Amino acid sequence: MQYNQAPIPEPPCAITTKDLMYLKDAMSWELLAFKKFHFLAEQAQNPEIKQALENAGRMHQTHYQKLLSHLQTNNQAALANLPNTQQQMH
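The sections below set out a description of the structure shown in this document. Everything quoted here is computed from the prediction, not taken from an experiment. (Residues numbered from 1 in each chain as written. Predicted model: local features only at pLDDT ≥ 70, side-chain atom pairs only at ≥ 80, totals over all residues. Heavy atoms only, no water.)

**Things to note about helix H2 (residues 47-71)**
Taking 1.5 Å as the rise per residue, H2 with 25 residues should run 36 Å; its terminal C-alpha atoms sit 36 Å apart, in good agreement. Every buried residue of H2 is accounted for by Leu-53, Ala-56, Gly-57, His-60 and Leu-67. Where H2 is buried, its residues contact helix H1 (17-43). N-cap assignment for H2: the residue whose side-chain oxygen lies 2.8 Å from the backbone N of Glu-48 is Asn-46. (Helix = DSSP H or I, 4+ residues; strand = E, 2+ residues; numbered from the N terminus. Expected span 1.5 Å × (residues − 1). Buried < 20%, exposed > 50% of the residue type's maximum accessible area, 1.4 Å probe, protein only. Contact = heavy atoms within 4.5 Å. Polar contact = N/O pair within 3.5 Å; in protein donor to acceptor, adjacent residues only side chain to side chain.)

See below:
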C-alpha cells in the first residue's frame, strides 16, 4: 500500500497520550544511540573513526533536543482550544 500524504511541516499544537508515548520511545532511542556513540568515540584510536562516531552522536543528540522542544508547550491550553470531539480522543 502506498501513501502519498505530504509530511506535516510542524508538529500539532496539542499532544495526545499516544503521541506522548511515541515521543518517549523515540527520545529513549535517541538518547541511547547518543550514549553509545559517545562511548565508542572515547574508545576509538583512529582520529577519522573517532570524528565519525562523534558526528553520529551529535546527530542523535540533536534529534533528542528537537523531540524535547516539541514537548515544551502548554499542552493543557492547546487541548482546551480543540473541539470537544478531539479532546475525548486523548
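**Re H1**
The end-to-end C-alpha separation of H1 is 39 Å, in line with the 39 Å expected for 27 residues at 1.5 Å each. Residues Leu-23, Met-27, Glu-30, Ala-33 and Ala-41 constitute the buried set of H1. Buried positions along H1 lie against H2.

**Considering the side chain of His-60**
Along the chain, the position of His-60 falls in helix H2. Those residues in contact with His-60 that lie beyond four places of it in its chain are Glu-30, Ala-33, Phe-34 and Phe-37.

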